[in-house]
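Spelled out from the first residue to the last, the chains are:
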Amino acid sequence: MPLETAATMDIESARALPPDEVLTRLGATESGLSDEEAARRLAMYGPNALEEHRVSPFVKFLGYFWGPIPWMIEIAAILSAIVQHWADFGIIVVLLMVNAVIGFWEEYKADNAIQLLKQKLALMAQVCRNGRWVTISAAQLVPGDLVRLRLGDIVPADIKLIGGDYLEVDQSTLTGESLPVERHVNDIVYSGSVAVKGEMNGVVVATGMHTYFGKTARLVQETEVRSHYQEAVLKIGHFLIVSTLVLVGLIILVAMFRGDPMLETVQFALILTVAAIPVALPAVLSVTMAVGAVRLARQQAIVSRLVSIEEMAGMDVLCSDKTGTLTQNRLVLGDPVLFDAVSESDLIRYAALASRSQDRDPIDQAIFEKVAPGSLDGCAIEKFIPFDPVIKRSEATVACGQDHFKVTKGAPQVILGLSANREQLRAQVSQRVDELATRGYRTLGVAKTDESGQWRFLGLLPFLDPPREDSAATIEAAKQLGLSIKMVTGDHLAIAKEIARRLHLGPNIRTAEEVFQKEKLIDGKEIEATDGFAQVFPEHKYHIVESLQKLGHFVGMTGDGVNDAPALKKADVGIAVSGATDAARSAADLILTAPGLSVIIEAIKESRMIFERMNSYAIYRIAETIRVLLFMTLAIMVFNFYPVTAIMIIMIALLNDGPIMTIAYDRARLVQQPLAWDMPKVLTISSTLGILGVFSSFILFWIGEEVLHLDRPTIQTLIFLKLTVAGHLTIFLCRTGEAPFWRSPGPSGALLWTAIGTKIAGTLVAVYGFYMAPIGWDLAAWTWVYALAWFVFNDFVKVKVYHLIAHRAHRERRHLERIAMPLHP
């Protein structure tokens with residue numbers, strides 16, 4: 001029988017044929033493909049991935065010469081050539097090239113960083129190769145591979161099911177069906193669907209673009225979602241563009257009434273517009289986010305959506321899993337409690353028979369560590385039903401010689417409910433479970449069928465998952481950062497209370513059933529006041545997040561299972577913990593690659609510093625536009641004086657490009673409270689700095705003309721140098737926030753030396769008069785002193801304005817608290 005290719009074996013053919021025939025046509029066997037055959041097929045069919053439309057770097061580079069901003073620069077260059085201002089023409093072309101090269105290079109680095117992060121998030125698949133089950137990247141799957149699908153897996157290719165009982169899959173991303181569908185042997189499951197229950201084996205019949213997923217182009221769409229911060233910064237950009245066009249329009253009107261040469265006026269206006277509009281805004285946004293994402297990856301936290309960094313910076317409530325995050329996720333088996341079992345070793349032996357070592361389950365591993373050597377010899381598992389989170393137990397049908405029986409292990413109340421001896425043991429079992437829970441133990445019940453086929457409750461196995469050594473200190477550090485941590489666990493209330501006591505989380509620990517009673521409405525304030533939730537089901541997590549969000553909180557939620565996906569999507573920051581299922585990882589904003597709460601706290605710290613860098617840029621950009629553009633407009637309208645020439649504006653724009661692009665690499669202060677976008681504060685601070693800059697420029701103009709009696713060309717050079725030096729100093733003012741410039745963490749080497757280098761370059765241009773009147777070293781030194789003096793004064797004013805804003809906000813908060821306070825007679 002000839003081997004069919006994945007391209008020629010369509011889904012309908014695979015569905016119609018029985019499993020044996022599909023295996024034959026695909027040249028597959030029950031021992032799987034060999035590595036050599038898999039490599040041959042991979043070369044033939046290509047990787048199991050959807051084709052991405054990639055633009056060549058050269059075409060991307062050319063794109064930087066197309067668009068509204070490049071058009072304005074290009075028109076300015078053409079006008080310069082028409083009026084034969086060849087020096088202006090040359091420097092405008094340099095500006096155009098520099099903007100293109102910087103934008104292209106920074107976007108190239110950002111794209112590379114994002115690609116590296118995507119590689120770390122690549123899906124994995126369990127496949128049988130050379131007769132052994134191994135885990136490989138899903139991209140390496142080929143038609144004919146045997147794969148195993150388990151709870152929480154994302155189906156990695158189109159697969160024909162050939163073994164196992166059943167599999168429930170969520171196909172909502174493909175078909176729009178809201179409920180999972182059940183699949184059995186001989187059915188097809190499609191790439192991109194999610195296994196939500198059961199376990200089955202199957203053979204890959206189609207990969208990559210040949211899957212149903214690829215053929216119909218029903219991809220998991222990555223909609224470009226803008227964060228609150230991006231929307232705010234883009235609004236700032238629009239505000240600056242409109243302001244620039246209005247002021248430049250005024251300059252053109254004034255020039256027309258005065259009879260100035262129109263071509264030269266339009267050329268100057270275009271150049272001024274290009275210098276004032278935030279050309280670097282998209283590059284600064286993308287680079288800062290990408291660089292921050294790489295830093296987070298070094299902290300063992302991978303960002304799946306760059307825009308989620310802003311939500312993380314504003315997060316004020318974290319709902320944290322207990323197991324593996326607050327605790328070690330390293331279960332230790334304690335002393336078994338016997339009921340109907342003969343001995344402790346027998347109880348552990350039956351529990352081991354209801355477990356499976358290859359699943360690497362922590363509970364199963366703890367049981368296998370304690371099982372007596374050789375006690376499982378001679379026993380064969382005829383049928384195994386893995387643990388199901390809905391029925392909360394696993395089960396095995398066992399043959400030990402002539403003895404045939406079933407064993408099960410799971411939640412004690414579930415196992416006891418199966419047992420024929422439940423009524424006699426109910427009170428004792430509940431008492432022992434509660435006793436063990438108060439000491440932090442989690443218990444499993446074990447049962448076995450007798451000769452009549454009835455279940456007999458054998459005993460309890462206590463497991464201890466001790467708190468991580470750093471959890472208590474990390475929780476205290478989180479409180480210092482203004483973060484409230486609420487424990488969310490499926491464990492028993494008593495266990496949750498014991499762990500909360502050890503970690504100083506708070507005494508108000510309640511069961512989800514108590515909080516979410518069917519007959520009462522969900523009280524958000526009640527949830528807000530609760531320190532932790534026990535006996536939680538996945539649907540409770542969703543309601544916890546929703547209730548806290550309605551109260552105005554930015555909520556983070558951790559999860560690891562497929563049923564956690566809705567809550568992870570609902571949360572402002574969904575966090576898939578280390579070891580999470582593919583389904584949870586795909587729904588999360590942040591994927592942890594190391595266990596523990598400290599990883600999340602470090603990620604929050606890093607995200608707040610990223611936010612601060614963005615905030616610094618926003619304030620600087622507004623202040624700089626006001627400082628340059630308003631000064632230019634007023635000088636032209638009031639004094640009929642162009643304070644800088646077109647070529648000077650171009651040089652200022654070029655010299656500003658370097659330091660601006662290094663903001664992404666700057667050291668940022670760590671704010672101790674959650675960050676939220678405060679547009680009024682940003683506009684107040686930036687407007688204050690901008691207007692101070694306008695005043696200082698007019699005073700320099702007055703000194704140059706009335707005190708030093710300089711000619712107008714020399715005054716223009718003087719103002720050029722002042723705008724260059726003071727502009728870079730404004731960056732150092734903005735980066736420190738409400739603190740004086742000397743108290744904040746020092747600038748990064750990239751920012752500091754780039755700013756120093758460009759200031760030296762601007763000074764040399766002014767001193768020796770490149771395309772402008774030379775001013776010499778004396779006037780240059782005096783201008784530096786003048787700019788530095790205003791820098792100190794501006795910093796003093798900035799700190800005072802921040803304090804006034806904080807004082808006003810405090811008064812408003814107190815006023816609102818008094819209004820909300822209940823009245824007493």
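Conventions and cut-offs
- Residues numbered from 1 in each chain as written.
- Predicted model: local features only at pLDDT ≥ 70, side-chain atom pairs only at ≥ 80, totals over all residues.
- Heavy atoms only, no water.
- 1 Å grid on protein atoms, 1.4 Å probe; cavity = no way out; pocket = protein on both sides within 12 Å on 5 of 7 lines; lining within 4 Å.
- Points joined across faces, edges and corners; volume = space filled by probe spheres on them.
- Helix = DSSP H or I, 4+ residues; strand = E, 2+ residues; numbered from the N terminus.
- Nonpolar A, V, L, I, M, F, W, Y, C, P; charged D, E, K, R; others polar.
- Disulfide = S-S within 2.5 Å.
- Buried < 20%, exposed > 50% of the residue type's maximum accessible area, 1.4 Å probe, protein only.
- Salt bridge = Lys/Arg side-chain N within 4 Å of Asp/Glu carboxyl O.
- Core = buried A, V, L, I, M, F, W, Y, C linked by side-chain atoms within 4.5 Å.
- Contact = heavy atoms within 4.5 Å.
- pLDDT = per-residue confidence, 0-100.

Undergrad: Give me the lowdown on empty space enclosed by the protein, citing residues and values where you can.
TA: Enumeration according to the criterion identifies 3 cavities of 30 Å³ or more in this entry. In terms of lining residues, the largest cavity is bounded by 14 residues, among which Arg627, Ala726, Thr730, Leu733 and Asn794 are the most central. If you list the elements that add at least two residues to the lining of the largest cavity, you get helix H24 (597-639), helix H26 (679-707), helix H27 (712-734) and helix H29 (776-820). Taken as a whole, the second largest cavity holds about 90 Å³ of empty space. Taken together, 13 residues make up the lining of the second largest cavity; nearest its centre are Glu612, Arg613, Ser616, Asp666 and Arg735. Sort the elements by how many residues they give to the lining of the second largest cavity and H24 lands first, with 5 residues. Looking at the lining of the second largest cavity residue by residue, the classes come out as 6 nonpolar, 1 polar and 6 charged.

Undergrad: So what's going on with the state of the cysteines? Which residues, and what values?
TA: For the structure shown, the criterion picks out 1 disulfide. Through a disulfide, cysteine 379 is tied to cysteine 400; the S-S separation comes to 1.9 Å. Between cysteine 379 and cysteine 400 the disulfide shows an S-S torsion of about 110 degrees. By sign, it is right-handed. Here cysteine 379 is found in strand E12 (residues 379-388), whereas its partner cysteine 400 is found in strand E13 (residues 393-400), with 21 residues between them in sequence. Accessibility expressed as a relative area gives 15% for cysteine 400, which makes it buried.

Undergrad: An account of the pattern of salt bridges is needed here, citing residue identities and associated values.
TA: Where side chains of opposite charge bring their charged atoms close, a pairing between them can arise. Counted according to the given criterion, the structure contains 28 salt bridges. Between glutamate 395 and arginine 393 there is a salt bridge, and its shortest N-O distance comes to 2.8 Å. Residue glutamate 395 is classed as buried on the basis of its relative accessible area, which comes to 11%. Residue class for arginine 393 comes out buried when judged on its relative accessible area of 15%. Among the salt bridges present, the one from arginine 712 reaches glutamate 705, with a minimum N-O distance of 2.6 Å. Connected via shared salt-bridge partners are Arg148, Arg150, Glu199 and Arg356.

Undergrad: Any details on the nonpolar core? Residues and values, ideally.
TA: One finds Leu272, Val644, Ile719 and Phe720 to be the most contacted residues of the largest nonpolar core, which totals 79 residues. Per-element tally for this core: the top contributor is H24, with 14 residues. Those residues in contact with isoleucine 719 that lie beyond four places of it in its chain are Phe631, Phe641, Pro643, Val644, Leu700 and Phe701. By size, the runner-up hydrophobic cluster in this structure holds 39 residues, among which are Ala437, Ile485, Leu493 and Ile610.

Undergrad: Can you tell me about the confidence of the model for the protein chain, naming the residues and giving the values?
TA: Per-residue pLDDT for the protein chain averages 80, and the proportion of residues at 70 or more is 86%. This model gives residues 216-225 a pLDDT under 50, and the stretch forms 11 contacts once residues within four places in sequence are excluded.

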